[in-house]
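Spelled out from the first residue to the last, the chains are:
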Amino acid sequence: MRQLWTAAALLAVLAAGLLLLGRGVDGLVAPLAEDLTRASEAARAGDWETAEALTRQASETWEAAGDRLRLAEPHQSVGEISALLEEAALNARLRDPEGCMAAVRRAVRALNALGEAERVTLGNLF
Amino acid sequence: MIIAVLRAAILYLLVILGIRLMGKRQIGELEPSELVLSLLIADLAAVPMQDFGIPLLMGITPILTLLCLSAILSVLTVKSIRFRTVLCGRPSVVVANGKILEPAMRKNRFTVDELMEELRVSGVADLSTVKYAVLETTGRVSVLPYAGDQPATAKAMGLSVREPGLPVTVVSDGRVVTRNLERLNLGRGWLDKELKARGAASPAEVFLLTVDELGRVYYIPREAGA
């Protein structure tokens, strides 16, 4: 019976750890997506300082969390989002509204997909 | 590319640990759930080993999950006969009193060709000598011949023979297995005497030395230059 309880405990710890990890990713992704959406609105309104600040901050936050993210997420996904955030920040610096909004849109979609993949949903299970 | 070496080593050790935890079974005698586990673990380990873009955690997590589930199922199998039947099935008698039981063969989707093959592997060429043949849950067939067709035993012939001892390894590849020496209540003094009697100066010159319960020693020296 000891073997059974040990295995059950290990399974519970594994599941709890991974749930926390998923929550952590979600906790990182959701605020970033919000900031990027605000950056996009700022770019549309012509407020380039705000747009540049928000996109640069989002890019730096993502880079800072990169190593942790690569522990649990496909490296390609993490790299793609890095590239999209850099592109959005660059377009904001260059005052290119369409480029900035397009990059932000793609980055938000990628971030939401990453966060969605960590949720326990029927779609993800099946 | 050193990453490839490290990832491969981590996953390899994890798979070995998993196989070790499965217990002392040969591959050919695995229950269905254990066979599935072996195949899955091998595939799960291979994916992150080849693709560095996939985190190690994505290989380790499912492997650990499967190992835990396997341990839980194996304990439940031991504790509950009903659970064991659900998971492993029941053995089926396919030959009884020399006759092939066709309903049992059909139920198990077991062909006559497969039955004959298993009988030959068991050393039985003539079906008429088989009293019972049982298709085990592992897929192997156990054969019980008629009493008259079984190999003669010393007991059947009324002979009295000495019980054989179980050989225990005392020296393996030059190293003394102290645990076994103690289990046999033998000391280094006894070992040194036996080695001297066989012309060996030390255990390092011995490839294999076993002792059984009757005190019989089996000795193989190391080859020169090995």
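Residues numbered from 1 in each chain as written. Chains lettered and ligands numbered in written order. Predicted model: local features only at pLDDT ≥ 70, side-chain atom pairs only at ≥ 80, totals over all residues. Heavy atoms only, no water.

### Let's talk about the sheet that holds strand β8 (residues 217-221) of chain B
Residues and elements named next belong to chain B. The four strands are arranged β6-β5-β7-β8 in an open sheet whose pairing can be described as antiparallel. The sheet terminates laterally at β6 (175-176) and β8, the two strands that pair on one side only. Examined bridge by bridge, strand β7 (residues 206-211) and β8 share five bridges and lie antiparallel to one another. What sits directly across from Val211, in β8, is Val217. The strands that helix α8 (residues 188-197) touches are β5 (168-172), β6, β7 and β8; relative to β7, the one it contacts most, it runs at about 120°. (Pairing = 2+ DSSP bridges. Helix = DSSP H or I, 4+ residues; strand = E, 2+ residues; numbered from the N terminus. Contact = heavy atoms within 4.5 Å. Axes fitted to C-alpha atoms, helices over the stretch in contact; angles between N-to-C directions.)

### As for the packing of helix α2 (residues 48-64) of chain A against helix α4 (residues 75-93) of chain A
Residues and elements named next belong to chain A. It is the contact of α2 with α4, at a shortest axis distance of 8 Å, that shows an interaxial angle of 160°. Relative to α4, α2 is oriented roughly antiparallel. Handedness of the α2/α4 crossing: left-handed. Across the interface between the two elements, Trp48, Ala51, Glu52, Thr55, Arg56, Ala58, Ser59, Trp62 and Glu63 of α2 pack against Val78, Ile81, Ser82, Leu85, Glu86, Ala88, Ala89, Asn91, Ala92 and Arg93 of α4. The residue inventory of the contact of α2 with α4, partitioned by class, reads 10 nonpolar, four polar and five charged. (Parallel < 35°, antiparallel > 145°, perpendicular 65-115°, else oblique. Left-handed = near helix turned anticlockwise from the far one by under 90°. Nonpolar A, V, L, I, M, F, W, Y, C, P; charged D, E, K, R; others polar.)

### Considering the environment of Thr77(B)
Residue and element names in this part refer to chain B. Along the polypeptide, Thr77 turns up in helix α3 (residues 57-79). Dropping the residues within four chain positions of it, Thr77 is found in contact with Phe83, Arg84, Leu87 and Cys88. At a separation of 2.6 Å, a polar atom in the side chain of Thr77 contacts the main-chain carbonyl oxygen of Leu73. (Polar contact = N/O pair within 3.5 Å; in protein donor to acceptor, adjacent residues only side chain to side chain.)

### Details of α3(B)
The terminal C-alpha atoms of α3(B) lie 33 Å apart, and with 23 residues this matches the ideal 33 Å at 1.5 Å per residue to within 8%. The complete set of buried residues in α3(B) reads Gly59(B), Ile60(B), Thr61(B), Ile63(B), Leu67(B), Cys68(B), Ser70(B), Ala71(B), Ile72(B), Val75(B) and Thr77(B). (Expected span 1.5 Å × (residues − 1). Buried < 20%, exposed > 50% of the residue type's maximum accessible area, 1.4 Å probe, protein only.)

### Some remarks on the confidence of the model for chain B
Residues and elements named next belong to chain B. In this model, chain B carries an average pLDDT of 86, and 95% of its residues clear a pLDDT of 70 or more. Looking at the elements of chain B, mean pLDDT is at its lowest for helix α1 (residues 2-21), recorded as 79, and at its highest for strand β1 (residues 92-96), recorded as 95. The complex prediction reports pTM at 0.70, with the ipTM value standing at 0.76. (pLDDT = per-residue confidence, 0-100.)

### Structural notes on the sheet that holds strand β3 (residues 130-135) of chain B
Across a sheet, paired strands are connected by hydrogen bonds in the backbone, their directions being either parallel or antiparallel. Residues and elements named next belong to chain B. The strand order across the open sheet built from four strands is β2-β1-β3-β4, with neighbouring strands paired in antiparallel fashion. Of all strands in the sheet, those bounded by a partner on one side alone are β2 (99-100) and β4 (141-145). Note that β3 and β4 share five bridges and pair antiparallel. Following the sheet pairing, Val130 is matched in β4 by Pro145.

### Brief notes about the side chain of Glu118(B)
Residue position: Glu118(B) is located in helix α6 (residues 112-121). Not counting residues up to four positions away in its chain, the partners in contact with Glu118(B) are Phe110(B), Gly139(B), Arg140(B) and Val141(B).

### Digging into the environment of Val78(A)
Residue and element names in this part refer to chain A. Within the secondary structure, Val78 sits in helix α4. Under the relative-accessibility criterion, Val78 is labelled buried at 0%. Note: C-alpha distance between Val78 and Trp62 (16 residues apart in sequence) is 8.7 Å. Aside from chain neighbours lying at most four places away, what touches Val78 is Trp62, Leu69, Arg70 and Glu73.

### Regarding a nonpolar patch on the surface
Residues and elements named next belong to chain B. Side chains of Met1, Ile2, Ile3, Val5, Leu6 and Phe52 sit close together on the surface and give an oily, nonpolar patch of about 630 Å² of accessible area. Considering the arrangement of structural elements, one finds Met1 in the segment before α1. Classification of Met1 by relative accessible area gives exposed; the value is 77%. (Patch = residues over 30% accessible without salt bridge, like charges linked within 9 Å, V, L, I, M, F, W, Y side chains within 5 Å. Areas by Shrake-Rupley, 256 points an atom, 1.4 Å probe, with all protein chains shown as cover. Salt bridge = Lys/Arg side-chain N within 4 Å of Asp/Glu carboxyl O.)

### Concerning the interface of chain B and chain A
Interfaces are frequently sized by the accessible area removed from exposure as the parts join. Contacts between chain B and chain A engage 15 residues on the former and 17 residues on the latter. Counting the contacts that link chain B with chain A gives zero salt bridges. Linking chain B with chain A are one residue pair in polar contact (both at pLDDT 80 or more). Within the side of chain B that touches chain A, the residues separate by chemical class into 11 nonpolar, three polar and one charged.

### Digging into the nonpolar core
Of all hydrophobic cores here, the largest spans 28 residues; its most connected members are Leu36(A), Trp62(A), Leu69(A), Leu85(A) and Leu111(A). Of all the secondary-structure elements, those providing two or more residues to this core are α1 (2-45), α2, α4 and α5 (97-117) of chain A. Beyond its immediate chain neighbours, meaning those up to four positions away, Leu85(A) contacts Leu36(A), Ala58(A), Ser59(A), Trp62(A) and Ala107(A). Phe110(B), Leu119(B), Val124(B) and Val141(B) belong to the second largest nonpolar core, which has 13 residues in total. (Core = buried A, V, L, I, M, F, W, Y, C linked by side-chain atoms within 4.5 Å.)

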